[in-house]
Amino acid sequence: MSKGQVAIVGFGYIGSVIGAVLADEGYTVYGIENNERIISAVQNRKSPFREPELEELIEKNVASERLFVSNDSSVVKYCETVIVTVGTPLNEAYNADTSQIEAAIKSIAPYLQEDALVMIKSTVPPNTTKELVAPLLREVKGVKIAFCPERLAEGKAIQEFKTIPIVVGGVDESSTSAAADFWRNSLGIAVMEVTDATTAEMVKLSDNLWIDLNIALAGELAKIADQLQIDVLEIIGAANSLPKGSRGQHVNILTPSVGVGGYCLTKDPWFVQHLGTEYGIELNLPKAGRIVNDSMPHYSAGLIDSHLKSLGEPSNLKIAILGIAFKNNTGDCRFTPTKPVIDELLRYGYNLEICDPWTSEHDEAMVTSLPVSKDIEKTVLGADCVAFLAGHDEFQELPLERIAELANDNALIFDGRRFFTKEEIKILNRLGLSYKGVGR
Ligand SMILES: NC(=O)c1ccc[n+]([C@@H]2O[C@H](COP(=O)([O-])OP(=O)(O)OC[C@H]3O[C@@H](n4cnc5c(N)ncnc54)[C@H](O)[C@@H]3O)[C@@H](O)[C@H]2O)c1
């Protein structure tokens, strides 16, 4: 028996994860999506995105008729719960473009059940739920409206969605309670009720601002470590042993890399920066973090170039690029930092061969017009540099000895994410390869 009927408006990355998991938990889920590529993938029991476990869940739940996807907004008439997961891209003013939210709410409003619970999970600027969404649903009797930020990370989306505590804030107390009850009953996870939707909206932006700034801190420490010729990961590991704060916390510096990409961290800090402009207060951090993180691909390409100089002219050298997705174990290439690295290496005149086992043609087209192979060994063969730009599991499985056999003598191993251990770096050196990481 179905646990209840849920509509998911916007069956993109986030919507498909939420929809597939809720269907698997026993709900009947109706995805509403206006992208034909996504609708037809799901209807054919395929995942529109490469995400661990997602395809299995979609296949199983479409087959058992618990998961349906179409472009028909009227299906909300069957649903007591509606979750909105449409996109909120950055607009020209570097603020959130909430037009997809507005269109989505207008499209469902005429069909909503009395007393329906509508939850916004798209990331939005504070007051969007109260001032944009609620007025559009004024005519729906008894409607409950809450903001529940989505805080999962791609690559571990299913597991994180099922375990990360959920924050809920409604436009009134009964909306907050209804949203909290839904998540407790559906996933059995910890729920944190906050005072209102505006607080919940600001929670999401605060999380992502913290992450972006923290990675920017790691990036600048890496630049200093490169000058001092010491290992930034050793600094960070030891620095993080310091207890700080009154509730058992520690210093927790994250790790540097070729850069920060993806759909969220590249835009959400700008939403916060924009609040400064809107309210006439001087905010410095959001912009600073963005500038630092955006500098890392250029910095990484420069590291590769300066280490390859001793091997010859760029036009005579081959670089094997391993991984173009914006992070490990996902195929998502939106705003990936690997694109500016690739563009810059091509500008220097290097010959590139690229491999990413996770990306679809749709994703690859966002990054490069060069072919993207799925064959790791063929890509590494005869390379003067093997650049690990995403740390996919498949790359971890390539033994160091095999890299040395395939790559040219004296080849450079560039570590943009794989984070070779000190022991592995020694082995690479013994095998006749040189090593350079970001800050290592
Ligand atoms: N991707 C992440 O890791 C992540 C994590 C947390 C929060 N978020 C937030 O969640 C939201 C969605 O992110 P995403 O990565 O899933 O984006 P996405 O672009 O993959 O998904 C949004 C989907 O909504 C569809 N859509 C837009 N308007 C519609 C409408 N009126 N009716 C039906 N479908 C419509 C689009 O076609 C698209 O497929 C964003 O606000 C994002 O900031 C994303």
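Caption draft 1: Summary view of the pairing of strand S7 (residues 166–170). Among the five residues in S7, five count as buried, and that is most of the element. Side chains of S7 alternate between two faces, with Ile-166, Val-168 and Gly-170 and Val-167 and Gly-169 buried alike. Strand direction decides the pairing type here: strand S6 (residues 144–147) and S7, joined by two bridges, are antiparallel. Note that in S7 the partner of Phe-147 across the bridge is Gly-169.

Caption draft 2: Broad picture of the site of the ligand. Around the ligand lies a shell of 25 residues, among which Glu-33, Thr-88, Glu-154, Lys-267 and Arg-334 are the nearest. A distance of 2.8 Å separates an oxygen atom of the ligand from a polar backbone atom of Ile-14. Contact with the protein chains removes 89% of the 830 Å² of surface that the ligand exposes when unbound. Counting only elements with at least two residues in the shell around the ligand, the list comes to helix H1 (13–24) and helix H4 (99–108). Taken together, the residues of the shell around the ligand break down into nine nonpolar, ten polar and six charged.

Caption draft 3: Region of the structure containing the pattern of salt bridges. Applying the stated rule across the entire model yields 26 salt bridges. For the salt bridge of Lys-156 with Glu-160, the shortest nitrogen-to-oxygen distance reads 3.8 Å. For Lys-156, a relative accessible area of 49% corresponds to the partly exposed category. Glu-160 gets classed as buried once you look at its relative accessible area, which sits at 18%. Asp-231 is paired through a salt bridge with Lys-422; the nearest N and O atoms lie 3.4 Å apart. A residue pair is termed long-range when its members are at least 10 positions apart, and Asp-231 in the loop between helix H8 (197–228) and helix H9 (232–239) and Lys-422 in helix H17 (residues 422–430) qualify at 191 residues.

About the thresholds
- Residues numbered from 1 in each chain as written.
- Predicted model: local features only at pLDDT ≥ 70, side-chain atom pairs only at ≥ 80, totals over all residues.
- Heavy atoms only, no water.
- Buried < 20%, exposed > 50% of the residue type's maximum accessible area, 1.4 Å probe, protein only.
- Helix = DSSP H or I, 4+ residues; strand = E, 2+ residues; numbered from the N terminus.
- Pairing = 2+ DSSP bridges.
- Near = heavy atom within 4 Å.
- Polar contact = N/O pair within 3.5 Å; in protein donor to acceptor, adjacent residues only side chain to side chain.
- Areas by Shrake-Rupley, 256 points an atom, 1.4 Å probe, with all protein chains shown as cover.
- Nonpolar A, V, L, I, M, F, W, Y, C, P; charged D, E, K, R; others polar.
- Salt bridge = Lys/Arg side-chain N within 4 Å of Asp/Glu carboxyl O.

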